[in-house]
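# Report on the structure
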Amino acid sequence: MTSIPASEAAVASARSGTELLGAYDLESSFYFSSNVRTILGQGVGEIIARSGGSAPAEAFAERVATVLAGLERAGHDRPMAVGALPFAANSPAHLFVPTAIRVGGPVDAASISPRPSPPASVEGMRMSPERDVYLRGVERALDAIRDDELSKVVLSRMLELRLSQPVELHALLERLSKRNASGYTFAVRLPEGRSSGTTHPRTLIGASPELLVSRSGNTVFANPLAGSAPRSPDPEEDQRRANALLASEKDRREHAVVIEAIAAALQPFCRSLSVPSCPSLVHTEAMWHLATPIKGELADLSTSSLQLAMALHPTPAVCGYPAARARAAIEAIEPFDRGLFTGLVGYCDASGDGEWAVTIRCADISSDMIRLYAGAGLVAGSAPERERAEISAKMRTVLTALGLGSLPEDL
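All of these numbers come straight from a predicted model, not from anything done at the bench. Counting restarts for each chain: residues are numbered from 1 in the order of the written sequence. The predicted origin of the model limits local features to residues at a pLDDT of at least 70 and limits the giving and counting of side-chain atom pairs to 80 or more, whereas totals for whole chains, interfaces and linings rest on all residues. Just so you know, side-chain values use all the structure's heavy atoms and leave hydrogens and water out.

Any carboxyl oxygen of Asp or Glu within 4 Å of a side-chain nitrogen of Lys or Arg constitutes a salt bridge here. Per the counting criterion, the structure on display carries 24 salt bridges. Between Arg162 and Glu123 there is a salt bridge, with its nearest N and O atoms 3.2 Å apart. Residue Arg162 is located in strand E8 (residues 152–163), and its partner Glu123 is located in strand E7 (residues 122–128); the two are separated by 39 residues in the primary sequence. Relative accessibility thresholds used throughout: buried, under 20% of the residue-type maximum; exposed, over 50%; partly exposed, between the two (1.4 Å probe, protein chains only). The class of Arg162 is partly exposed, set by a relative accessible area of 32%. Judged by relative accessible area, which is 46%, Glu123 ranks as partly exposed. The network of salt bridges with shared partners includes Lys152, Lys250, Asp251, Glu254, Arg386 and Glu387. Only DSSP runs of H or I reaching four residues or more are called helices, and only runs of E reaching two or more are called strands; each is numbered from the N terminus.

The next point concerns the environment of Val103. Tracing the backbone shows Val103 in strand E6 (residues 100–104). Sequence separation between Val103 and Pro408 is 305 residues; the distance between their C-alpha atoms is 41 Å.

Another aspect to go through is the nonpolar core. Counting 112 residues, the largest nonpolar core has Val153, Leu155, Leu159, Leu266, Leu306 and Ile370 as its most contacted members. It is helix H3 (residues 131–146) that provides the largest number of residues to this core, a total of seven residues. Those residues in contact with Leu266 that sit more than four places away from it in its chain are Val213, Val220, Ala222, Leu273, Ile294, Leu308 and Leu312. Definition used in this section: a nonpolar core is a set of buried Ala, Val, Leu, Ile, Met, Phe, Trp, Tyr and Cys residues joined via side-chain atoms within 4.5 Å. Judged by nonpolar contacts, the second largest core, of five residues, contains Ala229, Ala242, Leu245 and Trp288. The criterion used for residue contact is that any of the two residues' heavy atoms lie within 4.5 Å.

Bringing the layout of surface pockets into the picture now. The space that makes up the largest pocket amounts to roughly 530 Å³. In terms of lining, the largest pocket is formed by 36 residues, of which the most central are Asn35, Tyr184, Leu211, Phe221 and Glu355. Counting residues per element, the ones that place at least two in the lining of the largest pocket are strand E10 (198–208), strand E11 (211–216), strand E12 (219–223), strand E15 (280–283), strand E19 (344–349) and strand E20 (354–358). Three classes are used: nonpolar for Ala, Val, Leu, Ile, Met, Phe, Trp, Tyr, Cys and Pro, charged for Asp, Glu, Lys and Arg, and polar for all others, with Gly counted as polar. A per-class count over the lining of the largest pocket returns twelve nonpolar, 14 polar and ten charged. Cavity and pocket criteria rest on a 1 Å grid covering protein atoms alone: a 1.4 Å probe that fits but cannot get out defines a cavity, protein on both sides within 12 Å along at least 5 of 7 lines defines an open pocket, and an atom within 4 Å of a point defines a lining residue. Grid points are joined across faces, edges and corners, and a volume is the space filled by probe spheres set on the points.

Under the 1.5 Å per step criterion, the end-to-end length of helix H9 (residues 384–401) is 27 Å for 18 residues, consistent within 8% with the ideal 26 Å. Consider a residue and the seven residues that end there alongside the seven that start there; fitting an axis to each set, the bend is the angle between those axes. Along its length, H9 shows its largest kink, about 35 degrees, at Met395. Of all the 18 residues making up H9, 13 are buried; the element is thus mostly covered by neighbouring parts of the structure. At the exit of H9 stands Gly403, carrying a positive phi of roughly 80 degrees. Helix span is expected to be 1.5 Å times the residue number reduced by one.

Turning to the packing of aromatic side chains, a few remarks are in order. Pairs were defined over the aromatic rings of Phe, Tyr and Trp, the Trp ring being its six-membered one, requiring ring centres within 6.5 Å. Orientation was assigned from the angle between planes: stacked under 30 degrees, edge-to-face over 60, tilted for the rest. The tally for this structure, following the rule as stated, stands at six aromatic pairs. Plain terms: the ring middles of Tyr24 and Tyr31 are 6.2 Å apart, the flat faces sit at 75 degrees to each other, and that makes the pair edge-to-face. Residue Tyr31 is classed as buried on the basis of its relative accessible area of 0%. On the basis of an interplanar angle of 50 degrees and a centroid distance of 6.1 Å, the ring pair of Phe336 and Tyr373 is categorised as tilted. Here Tyr373 lies in strand E22 (residues 369–378) and Phe336 lies in the loop between helix H8 (323–333) and E19, a separation of 37 residues in the sequence. Since its relative accessible area comes to 13%, Phe336 is described here as buried. We count a charge as sitting over a ring when the NZ of a lysine or the CZ of an arginine lies within 6 Å of the ring centre and within 35 degrees of the ring normal. Taking the ring centre of Phe87 as reference, the NZ or CZ of Arg327 above it sits at 5.1 Å.

It is worth spelling out the pairing of E22 at this point. Counting buried positions over the ten residues of E22 gives eight, a clear majority of the element. For two strands to be treated as a pair, DSSP must find no fewer than two bridges joining them. Direction of pairing for strand E21 (residues 362–366) relative to E22: antiparallel, over a ladder of five bridges. Considered in E22, the bridge of Ile365 is made with Ile370. Where E21 folds back onto E22 in an antiparallel hairpin, the turn is made up of two residues, including Ser367, whose phi is positive at roughly 60 degrees.

Time to look at empty space enclosed by the protein. Any space left empty among the atoms is revealed by the rolling of a water-sized probe across them. Counted according to the given criterion, the structure contains four cavities of 30 Å³ or more. The computed volume of the largest cavity comes to approximately 250 Å³. Every element with two or more residues in the lining of the largest cavity is listed here: E8, strand E13 (225–230), helix H6 (249–266), E22 and H9. The class makeup of the residues in the lining of the largest cavity is nine nonpolar, seven polar and seven charged.

What follows concerns the sheet that holds E11. Backbone hydrogen bonds are what pair the strands of a sheet, in a parallel or an antiparallel way. Spatially, E5-E4-E19-E20-E11-E12-E17-E14 is the arrangement adopted by the eight strands of the open sheet, whose pairing is antiparallel. At either margin of the open sheet sits one strand with a lone partner, and together these are strand E5 (94–96) and strand E14 (270–274). Across the sheet, the axes of successive neighbouring strands diverge by a mean angle of 10 degrees, strand direction being ignored. Note: E12 against strand E17 (residues 294–298), four bridges, orientation antiparallel. Following the sheet pairing, Val220 is matched in E17 by Gly296. Helix H2 (residues 57–73) contacts strand E4 (80–85), E5 and E19 of the sheet and is inclined by roughly 150 degrees relative to E4. Axes here refer to lines fitted to C-alpha atoms; in helices the fit is confined to the stretch in contact. Angles between the N-to-C directions go from 0 to 180 degrees.

Written out as structure tokens, the structure is:
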């Protein structure tokens, strides 16, 4: 673990998040924007990466709090731990304190004029698992649900693309921010990867619609999503799909499993907790989602946003329920390691305040090589082809921002 001398620490305020989005470049190590604030990190100072399974979640959160408190005592102005945590506890995390941090308000999506980038073509494409293998995996999971071994499980697919030229990350981040104004846009520089026989920087980039949890003073907020439907370019059909989702018994059942689990996990940390009795609709450019905003009053201010996030993770929205059985099903059926996909991305400051989004609608990019991920929640009544179509629709968030359009129907 390396330390930054206090003289090198820098935290500055910016007038707007749009200014920070414009300042993002290849030297940026972290970018995160929400409807509350925008954070731009430069460089990597103190590294607080967790090696897989080395410590319980609570001990890891305490270690982060200790590091941030020590940096604050050493003269750092508003030190923050930023980065991404994985889906599985035994996978590598990437959490660090940037050398310099700039903090601003939300991004004004209307003011973004994404810079043009040369059109790229797809020179290689592979979906994992393949269509028929995925459909068989869904049937296998549904058998377990019918046998009452599971209430829900989330199965994912990964799309690997090789493009005709390297991805221009800044332009991609601008387009994601423009098209997903109400979401959580992020870019995290990762350890280097290999592409075409050479070593290139890797970046985790995306626009998540889902806040796992935030903490501001003694206020705790979560906005879990579960139950989805692809949007339509036709306004009447789009509204019909939204209404059908809100009325869907299958999707409301899937949503209820998530809400009950999150409320139960937050309750021990809160003096009071408000949970609406019915879900509402939220949307991205590509999807409709059922959402339930949950608000609580924290009982103990020593409980950080990171500790809350790790207590909630993984929720049934990205894993399933019961969690242990759902994890086992995922490991048995999915043929790839999710890594940071369906993990957490965000920040926590020395006071414990912070925001953590669920790492979905994302891609791992290294030069011209891209890995996109998306998943769908399976409950009683799920239809394999519908879940496959939902995954393809969710991948459109990044594909559209890359200028690549929709996936072939047979994938």
